[in-house]
Amino acid sequence: MSEGHSTYTPRTGIERWFDARLPLPRLVHDSFIVYPVPRNLNYAYTFGGILTVMLASQIVTGVVLAMHYTPDTGLAFNSVEKIMRDVNSGWLLRSLHSNGASFFFIAVYIHICRGLYYGSYKSPRELLWVLGCTNLLLMMATAFIGYVLPWGQMSFWGATVITSFFSAIPLVGEWIQQLLLGGFAVDNPTLNRFFALHYLLPFLLAGVVTLHIWALHVVGQNNPTGIEVKSTTDVVDFTPYATVKDAFGIIVFLFFFAYFVFYLPNFLGHPDNYTIANPLKTPAHIVPEWYFLPFYAILRAITFNVGPIDSKLGGVFAMFSSIAVLFLVPWLDTSKVRSAVYRPWYKVFFWLFVADVLFLGWLGSQPAEGVYVTMSQLATLYYFAFFILVMPLLGLIETPRRMPHSITEAVLEKRATSVKAEE
Amino acid sequence: MADLSEPETGTDEHTLLAEAPASVEVDVASLTPGMSLVVQWRGKPVVVRNRTEQEMKDGEAVKLADLKDPIARNANLPADAPATDANRTTPGKEALLVMVQVCTHLGCIPLGQEGDFGGWLCPCHGSQYDTAGRIRKGPAPENMAVPVFQFTSDTKIRLG
Ligand code: HEM
Ligand code: FES
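Residues numbered from 1 in each chain as written. Chains lettered and ligands numbered in written order. Predicted model: local features only at pLDDT ≥ 70, side-chain atom pairs only at ≥ 80, totals over all residues. Heavy atoms only, no water.

A. Geometry of the side chain of Ser102(A). Looking at the element boundaries, Ser102(A) is found in helix 5 (residues 90-118). Residue contacts for Ser102(A): discarding those within four places in its chain leaves Leu268(A), Trp290(A) and Tyr291(A). (Helix = DSSP H or I, 4+ residues; strand = E, 2+ residues; numbered from the N terminus. Contact = heavy atoms within 4.5 Å.)

Next up, the structure:
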């Protein structure tokens, strides 16, 4: 789609002056105004825009919070309390930022599921997908590190557990862990480097997001049929069509966000994080933030040794693999058909996978005892089987449904059936 | 470890931490059976538990073959000493278990006298230790460590 040459014609003198020196107006015109998008995009496609808004919001609220926050083990907790009580609108900033992280993850998970359902990772969008997975990884690192900053009990013990992951790596593990901590345990040097990284990573994220959108604009958007754009009747202009739809999606999403920010500001948090960090006492029920729970359940599911790999390394390996496997999806799925709309069996396995991840999330919030462990093990098994068995094998044996020849045909067919239904 | 951490400016309980010296004297005279005390040693909690008759019996009854980690992990014994109940304690002082109370999985502090084996239960990912602090169930790979220590008198222990 990028091949199509620019239709931009500078109209005023200033526009002409810029166009000859730095064609920024041309870039905006070509990328966000006349850029062609498939005419059948649904609301699942508005989450990219929503994610961009959330990233901007996190950066703006974060930078202002940083003006009032002190990264010192003796002062951090109190400085956050000061933000909550004394700083003008500080409560609002912090509520926006901490709930913003949660809503950022809600959006990214829906965005990823959209990709998995409509096969958006398939050629030629492999790199687009891999960049997206990199974004997820950066988001996770940023959110984990940010959660350490208020220096509550969950901050401290979350940091202890997560940095210990690295000690499971043979030979270099301990060294990496000490490098992360700046010592042998979570302490002031840890908090200082975490604050520096928490400031840095979102800007790296913004950089990778730019690459992600660039790649998107080279290959064009996928759509619910998974059929490539073939003619001009398949597309509409980005503005006003996608702009308005995205704006509406963003507003609805922000309604939900605002509800939490103003009415349930601590609902997604944990009360133990309002107790200052105590290195001598682990809270009785330690859980990570909700958006890490499925991965936490996978970590805890490996309670057994596998040959030379002990349960600790095994758990850490399984947990990292659960993210790593996402990067490989473009090469694991062997189906020639992109969209689950035309894949009757994939659809079933996909929804089972979604249910499985939600189930893992619930298990992650339960104590790691008795039946919960067994259930986590089964759910972990399906998590990996979906990627490693279902994706490669199903593509070879499944008979897809009949597909329309073009997006236009799909849209007209749908309209015809709905008109008939109304009669 | 103490040298690495910055002087604390906070007023809360962990101010004590930073000053932890390399060796610590512990008076265990007041520990009656069934009681534990925790001291801070090199930034880590070390528990001294005066085990009950029942706890000792339970610890001795365990067969080595049933242990996930068959090594004593006792810094006062050779590195390959087997994890018998006796090897987790000191000859003549079998009731007193001295142990770094840090989970060998990912570093949380297990809760005492909890779990299926009557020893320790880690709240983080559910590792369970028996009455001799040996890992029995869950993701932790090793028994909790017995630190270097010695009895300086009948009722005094020096750690380190
Ligand atoms: C990818 C974007 C970001 C995410 C996902 C994120 C996430 C988080 C999270 C989960 C917390 C803990 C909230 C709490 O419970 O109090 C936090 C705290 C914090 N973040 Fe961010 N953050 C992001 C960007 C930024 C940026 C760009 C800054 C700028 C310096 C920043 C500065 C802070 C500060 C100062 C705190 C501590 C104050 C507090 O806890 O409210 N964040 N962040
Ligand atoms: S840290 Fe104790 S079970 Fe994981």
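B. Quick peek at the interface of chain A and chain B. Across the contact, 35 residues belong to chain A and 29 residues belong to chain B. The largest share of the area that chain A buries against chain B comes from Leu280(A), Thr282(A) and Lys312(A), three residues that together contribute 19% of it. Between chain A and chain B we count 7 residue pairs in polar contact (both at pLDDT 80 or more) in total. Tallying contributions element by element places helix 7 (residues 153-164) of chain A first for the side of chain A that touches chain B, with 4 residues. Split by residue class, the side of chain A that touches chain B holds 17 nonpolar, 11 polar and 7 charged. (Buried area = accessible area lost by both parts, 1.4 Å probe. Polar contact = N/O pair within 3.5 Å; in protein donor to acceptor, adjacent residues only side chain to side chain. Nonpolar A, V, L, I, M, F, W, Y, C, P; charged D, E, K, R; others polar.)

C. Representation of the coordination of the iron atom of ligand 1 in the model. Only His97(A) (NE2) and His198(A) (NE2) from the protein reach the iron atom of ligand 1 as donors, at distances of 1.9 to 2.0 Å. Since its relative accessible area comes to 18%, His97(A) is described here as buried. (Donors = N, O, S within 2.8 Å, 3.2 Å for Na, K, Ca; no water. Buried < 20%, exposed > 50% of the residue type's maximum accessible area, 1.4 Å probe, protein only.)

D. Inspection of the packing of helix 11 (residues 293-301) of chain A against helix 13 (residues 344-365) of chain A at higher detail. Residues and elements named next belong to chain A. Axis separation between helix 11 and helix 13 bottoms out at 7 Å; the angle between their running directions is 70°. The angle between the axes of helix 11 and helix 13 places the two elements in the roughly perpendicular class. Between helix 11 and helix 13, the contacting residues are Leu 293, Pro 294, Tyr 296, Ala 297, Ile 298 and Arg 300 on the first element and Val 357, Leu 360, Gly 361, Leu 363, Gly 364 and Ser 365 on the second. Classifying every residue of the contact of helix 11 with helix 13 by side-chain character gives 8 nonpolar, 3 polar and 1 charged. (Axes fitted to C-alpha atoms, helices over the stretch in contact; angles between N-to-C directions. Parallel < 35°, antiparallel > 145°, perpendicular 65-115°, else oblique.)

E. Representation of the nonpolar core within the structure. Membership of the largest hydrophobic core comes to 118 residues, with the highest contact counts inside it found for Leu116(A), Tyr346(A), Tyr383(A), Phe387(A) and Met391(A). In terms of residue count, the dominant contributor to this core is helix 6 (residues 126-148) of chain A (13 residues). In this view, Leu116(A) contacts Tyr121(A), Trp129(A), Val329(A), Tyr346(A), Phe350(A), Phe353(A) and Met391(A); residues no more than four positions away in its chain are not counted. Counting residues in each nonpolar core, the second largest holds 18 residues, with Val24(B), Val26(B), Val28(B) and Phe149(B) among its members. (Core = buried A, V, L, I, M, F, W, Y, C linked by side-chain atoms within 4.5 Å.)

F. Summary view of the site of ligand 1. Residue and element names in this part refer to chain A. Around ligand 1 sit 24 residues in total, of which Gly 62, Arg 94, His 97, His 198 and Tyr 199 are the nearest. One nitrogen or oxygen atom from the side chain of Arg 94 is found 2.8 Å from an oxygen atom belonging to ligand 1. Between a nitrogen atom of ligand 1 and a side-chain N or O atom of His 198, the distance comes to 2.8 Å. Contributing elements (two or more residues each) for the shell around ligand 1: helix 3 (47-66), helix 5, helix 6 and helix 9 (188-219). At 6 residues, the largest contribution of residues to the shell around ligand 1 is made by helix 3. Among the residues forming the shell around ligand 1, the class breakdown is 16 nonpolar, 7 polar and 1 charged. (Near = heavy atom within 4 Å.)

G. Representation of the packing of aromatic side chains within the structure. Residue and element names in this part refer to chain A. Going through the model one piece at a time under the given rule, you end up with 44 aromatic pairs over all chains. For the pair Tyr 117 and Trp 351, a centre-to-centre distance of 5.9 Å together with 50° between the ring planes defines the contact as tilted. Here the residue Tyr 117 occupies a position in helix 5, and Trp 351 occupies one in helix 13, the gap between them amounting to 234 residues. Taken together, the ring pairs connect Tyr 45, Tyr 117, Tyr 118, Tyr 346, Phe 350, Trp 351, Phe 353, Tyr 382, Tyr 383, Phe 384, Phe 386 and Phe 387 into an aromatic cluster. Geometry around Tyr 45 places Arg 114 over its ring, the cationic atom sitting 4.6 Å from the centre. (Phe/Tyr/Trp six-rings, centres within 6.5 Å; stacked < 30°, edge-to-face > 60°. Lys NZ or Arg CZ within 6 Å of the ring centre and 35° of its normal.)

H. Region of the structure containing the sheet that holds strand 3 (residues 44-50) of chain B. All names here are of chain B. Strand order in the open sheet formed by 3 strands is 2-3-4, with antiparallel pairing between adjacent strands. Every other strand in the sheet has two partners, leaving strand 2 (36-41) and strand 4 (96-100) as the edge strands with one partner each. Along the sheet, successive strands turn relative to each other by an average axial angle of 20°, direction set aside. Looking at chain direction, strand 3 and strand 4 are connected through 5 bridges and run antiparallel. The residue of strand 4 that forms the bridge with Arg 49 is Leu 97. (Pairing = 2+ DSSP bridges.)

I. Geometry of the sheet that holds strand 1 (residues 24-27) of chain B. Residue and element names in this part refer to chain B. Taken in spatial order, the 3 strands make up an open sheet running 1-10-9, and their pairing is antiparallel. Where the open sheet ends on each side, the last strands, each with one partner, are strand 1 and strand 9 (149-153). Adjacent strand axes in the sheet meet at a mean angle of 30°, parallel and antiparallel pairs treated alike. Two strands pair when backbone bridges link them, and strand 9 and strand 10 (residues 156-159) are joined in this way by 4 bridges, in the antiparallel orientation. Across the sheet, the residue bridging to Gln 150 is Arg 158, located in strand 10.

Any link to function would need more than the numbers given here.
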